Amino acid sequence: MTTMSHPRSTVPMIATGEATAILPTETTSPIRVIGTASIRETFDELCIQQAINSRTAPGVTDLVLNPDAHCGYGAPVGCVMVSPSHIYPGPVGVDIKCSMSLLQLDVPAEVIEDRTVRRALIAAICKRTPTGAGKGQRSVSNGRRVNRSLGMKAVIEGASEAVCEQLGIPIRWADRCEDSFHVGHDDTQEALASRLDWLLTQRHMTNFAEKMTQLGSYGGGNHFGECEVVEVGADDRSKQVADTFGLRDGKVAFLSHCGSRGFGHNLASGQFKTLQEKFSRWSIPLPAGDRQLVYAPLGSDEADGYLDDMALGANFATVNHLLINALVLEAFQEVIPGTTGDLVYFISHNIARKEIIDNVPSWVHRKGATRAFPGGHHALAGTPFAESGHPILLPGNPRDGSAVMVADEGAEKSCYSVNHGAGRILGRKQAKRTLDQSTIDSELEDHDILSNCRFYPKDEAPAAYKDFNEVLTSVKQAGLASEVARLKARFVIKDASKADD
């Protein structure tokens with residue numbers, strides 16, 4: 001939901017720093033806002049109202065509005081919502097565990113300067129990783145075939161050793177995931193297996209086998225694959241952290257953005273329908289009267305069902321990303337023999353995770369928001385990032401690049417979260433109506449950025465998004481995270497059909 005035809009908010013925000021503010025509500029502690037003064041001007045009336053509605057909903061103890069915030073489904077995209085007692089599907093969304101991943105290759109930047117090499121890479125990748133709503137492995141010639149039984153194993157186990165082996169995914173990549181697998185409401189895989197058995201008897205899941213063929217695909221809308229050149233910051237900290245992350249200055253990397261595809265959409269849509277019917281049948285008051293903010297108290301059958309469905313969708317998204325990266329590496333090896341590569345990180349921005357906030361076990365809902373644990377955080381103990389903090393992957397746009405960041409101690413003020421990208425400033429319909437196709441295409445041409453699209457989608461043009469550098473400035477000035485490297489786009493894999501995000 002990105003109409004964005006609403007006026008700028010007239011609700012007063014109170015600045016508390018160069019890039020922080022609070023938004024008061026009438027009944028709760030205030031909403032914490034991350035953004036410079038100019039970024040705060042981009043929050044329209046609906047975005048602000050959704051934030052207030054979400055903050056004052058039952059069981060919610062904290063709400064953070066990130067600089068990329070814009071209106072979403074019930075809760076704004078670009079927000080963090082915390083509750084120790086309730087689970088909310090809206091602040092996760094229909095694309096469960098939409099995520100970012102980054103593959104570092106050993107290819108020097110000059111190897112892909114030749115446009116014919118990049119065109120060959122685009123062709124090789126598109127033979128393996130389909131784009132577009134509803135597209136799956138049957139749509140490509142060199143992908144992986146995923147049958148019903150392997151699909152069931154993937155959504156129950158996530159990136160287990162057995163699943164990785166069957167799909168040709170390097171097993172070590174599971175150690176480079178924010179979460180390589182998810183379990184059910186009772187912390188078992190058995191709960192997921194039982195839930196899946198039941199789901200397969202339901203009308204909205206009769207196409208399960210077809211949805212499993214979408215493993216290893218991007219989908220449409222704002223999802224993409226992007227070939228990058230890594231530019232590590234010149235300061236000592238950036239160099240040290242980049243070394244820990246496995247980033248290689250001046251080398252080629254590949255950034256991917258996608259989620260749980262049609263399977264996750266089926267799960268989320270089924271959950272919204274079930275909960276909305278229950279609220280209606282029992283005349284339960286809706287938060288601010290908004291059907292998109294239905295919820296379930298933890299421990300209830302409804303909450304257990306949602307947590308199981310979310311975990312199934314999240315496991316699909318995890319395997320989807322890892323498989324895409326394996327296929328991309330394979331494509332590079334076809335065009336540039338001898339290429340090697342490793343996963344830098346895989347991190348989600350549409351998920352609810354169980355974390356400790358202010359010494360209270362809580363469900364942290366990140367809707368278009370990225371986890372940001374700094375070095376020394378207890379949850380990173382035993383990982384390669386225990387001392388440095390984990391990689392934060394933030395997509396910008398092909399023209400201005402994307403960023404790899406690392407959390408600072410100040411991330412505590414945002415519930416250990418940052419934005420998930422630049423954030424939309426024009427709705428899709430508005431972008432298609434007002435932006436000029438020739439200007440979009442010539443801008444990419446001027447920057448020598450290739451694409452698989454004959455015409456780059458208007459609603460995905462850089463001008464449809466907020467100023468990425470100002471968004472990053474907000475994060476830095478607020479003390480949440482520091483930039484480690486900038487990623488400069490060389491080509492983009494995108495879908496030009498109707499958006500499905």
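Predicted model only: the values in this text are computed from it and were never measured.

J.: How would you summarise the overall build of the protein if you had to cite specific residues and measurements?
T.: A tally of helices and strands in the protein yields 13 helices and 19 strands. For the protein, whose C-alpha radius of gyration is 21 Å, the value lies close to the compact-globule estimate of 23 Å for 501 residues. A fraction of 76% describes how many contacts in the protein between residues 6 or more apart in sequence connect residues 24 or more apart. When the accessible surface of the protein is split by element, carbon and sulfur atoms take 50% of a total near 18,400 Å². Looking at charge distribution, the protein has the averaged site of its 51 positive side-chain charges lying 6 Å from that of its 61 negative ones.

J.: Lay out the sheet that holds strand β1 (residues 14-15) with the relevant residues and their values.
T.: With mixed pairing, the seven strands of this open sheet are ordered in space as β1-β2-β3-β4-β5-β13-β12. With partners counted over all chains shown, the strands left at the sheet margins are β1 and β12 (350-357), one partner each. Where β12 lies against strand β13 (residues 360-367), eight bridges are found, and the strand directions are antiparallel. What sits directly across from Ile-351, in β13, is Arg-366.

J.: Give a detailed account of the layout of surface pockets, specifying residues and quantitative values.
T.: The computed volume of the second largest pocket comes to approximately 720 Å³. Taken together, 32 residues make up the lining of the second largest pocket; nearest its centre are Glu-178, Asp-179, Phe-181, His-182 and Arg-353. Here the lining of the second largest pocket takes five residues from β12, the largest share from any one element. Looking at side-chain class alone, the lining of the second largest pocket contains 16 nonpolar, eight polar and eight charged residues.

J.: Which residues make up helix α4 (residues 148-157), and what values do they have?
T.: Turning to α4, its buried residues are Leu-150, Gly-151, Ala-154, Val-155, Ile-156 and Glu-157. In this fold, the buried residues of α4 make contact with α5 (161-167), α6 (189-199), α7 (208-212), α9 (261-281) and α10 (301-335).

J.: Go over the environment of Ala-331 with me, naming the residues and quoting the values.
T.: You can see Ala-331 is positioned in helix α10. Note: C-alpha distance between Ala-331 and Cys-227 (104 residues apart in sequence) is 12 Å. Leaving out residues up to four positions away in the same chain, Ala-331 has contacts with Leu-121, Ala-124, Ile-125 and Arg-128.

J.: Would you mind going over the packing of aromatic side chains in detail, with residue names and values included?
T.: According to the stated counting rule, one finds ten aromatic pairs in the structure shown. Seen from their ring centres, Phe-254 and Phe-491 are 6.2 Å apart, and the 55 degrees between their planes marks the pair as tilted. Of this pair, Phe-254 sits in strand β9 (residues 251-258) while Phe-491 sits in strand β19 (residues 481-493), and the two are 237 residues apart along the sequence. The class for Phe-491 is buried, based on a relative accessible area of 0%. Put simply, the rings of Tyr-88, Phe-279 and Tyr-295 pair up and form one aromatic cluster.

J.: Outline unusual backbone geometry, listing residues and values.
T.: Across residues other than glycine, the phi torsion is negative in most instances, and most of the peptide bonds are trans. With phi around 55 degrees, Lys-97 is a residue other than glycine that occupies positive phi space. Take Lys-97: it is sitting in the loop between β6 (86-87) and β7 (99-108). Of the residues examined, Lys-97 reaches a relative accessible area of 0% and is grouped as buried. With phi around 55 degrees, Ala-288 is a residue other than glycine that occupies positive phi space. Take Ala-288: it is sitting in the loop between α9 and β10 (296-297).

J.: Tell me about the pattern of salt bridges, and name the residues and values.
T.: The tally for this structure, following the rule as stated, stands at 27 salt bridges. Asp-342 is the salt-bridge partner of Arg-172, the closest N and O atoms lying 2.7 Å from each other. With Arg-172 in the loop between α5 and α6 and Asp-342 in strand β11 (residues 341-348), the pair connects residues that are 170 residues apart, well separated along the chain. Judged by relative accessible area, which is 35%, Asp-342 ranks as partly exposed. In this structure, Asp-309 engages Arg-195 in a salt bridge whose closest nitrogen and oxygen atoms are separated by 2.7 Å. Within this pair, whereas Asp-309 is found in helix α10, its partner Arg-195 is found in helix α6, the two being separated by 114 residues in sequence. The buried category is assigned to Asp-309, whose relative accessible area is 3%. When its relative accessible area of 18% is taken as the criterion, Arg-195 is described as buried. One connected set of salt bridges, linked through shared partners, spans Arg-115, Arg-118, Glu-445, Asp-448 and Arg-490.

Reading the values: rules and limits
- Residues numbered from 1 in each chain as written.
- Predicted model: local features only at pLDDT ≥ 70, side-chain atom pairs only at ≥ 80, totals over all residues.
- Heavy atoms only, no water.
- Helix = DSSP H or I, 4+ residues; strand = E, 2+ residues; numbered from the N terminus.
- Rg over C-alpha atoms; globule rule 2.2 N^0.38 Å.
- Contact = heavy atoms within 4.5 Å.
- Areas by Shrake-Rupley, 256 points an atom, 1.4 Å probe, with all protein chains shown as cover.
- Lys, Arg positive; Asp, Glu negative; His and termini not counted.
- Charge placed at Lys NZ, Arg CZ, Asp CG, Glu CD.
- Pairing = 2+ DSSP bridges.
- 1 Å grid on protein atoms, 1.4 Å probe; cavity = no way out; pocket = protein on both sides within 12 Å on 5 of 7 lines; lining within 4 Å.
- Points joined across faces, edges and corners; volume = space filled by probe spheres on them.
- Nonpolar A, V, L, I, M, F, W, Y, C, P; charged D, E, K, R; others polar.
- Buried < 20%, exposed > 50% of the residue type's maximum accessible area, 1.4 Å probe, protein only.
- Phe/Tyr/Trp six-rings, centres within 6.5 Å; stacked < 30°, edge-to-face > 60°.
- Salt bridge = Lys/Arg side-chain N within 4 Å of Asp/Glu carboxyl O.

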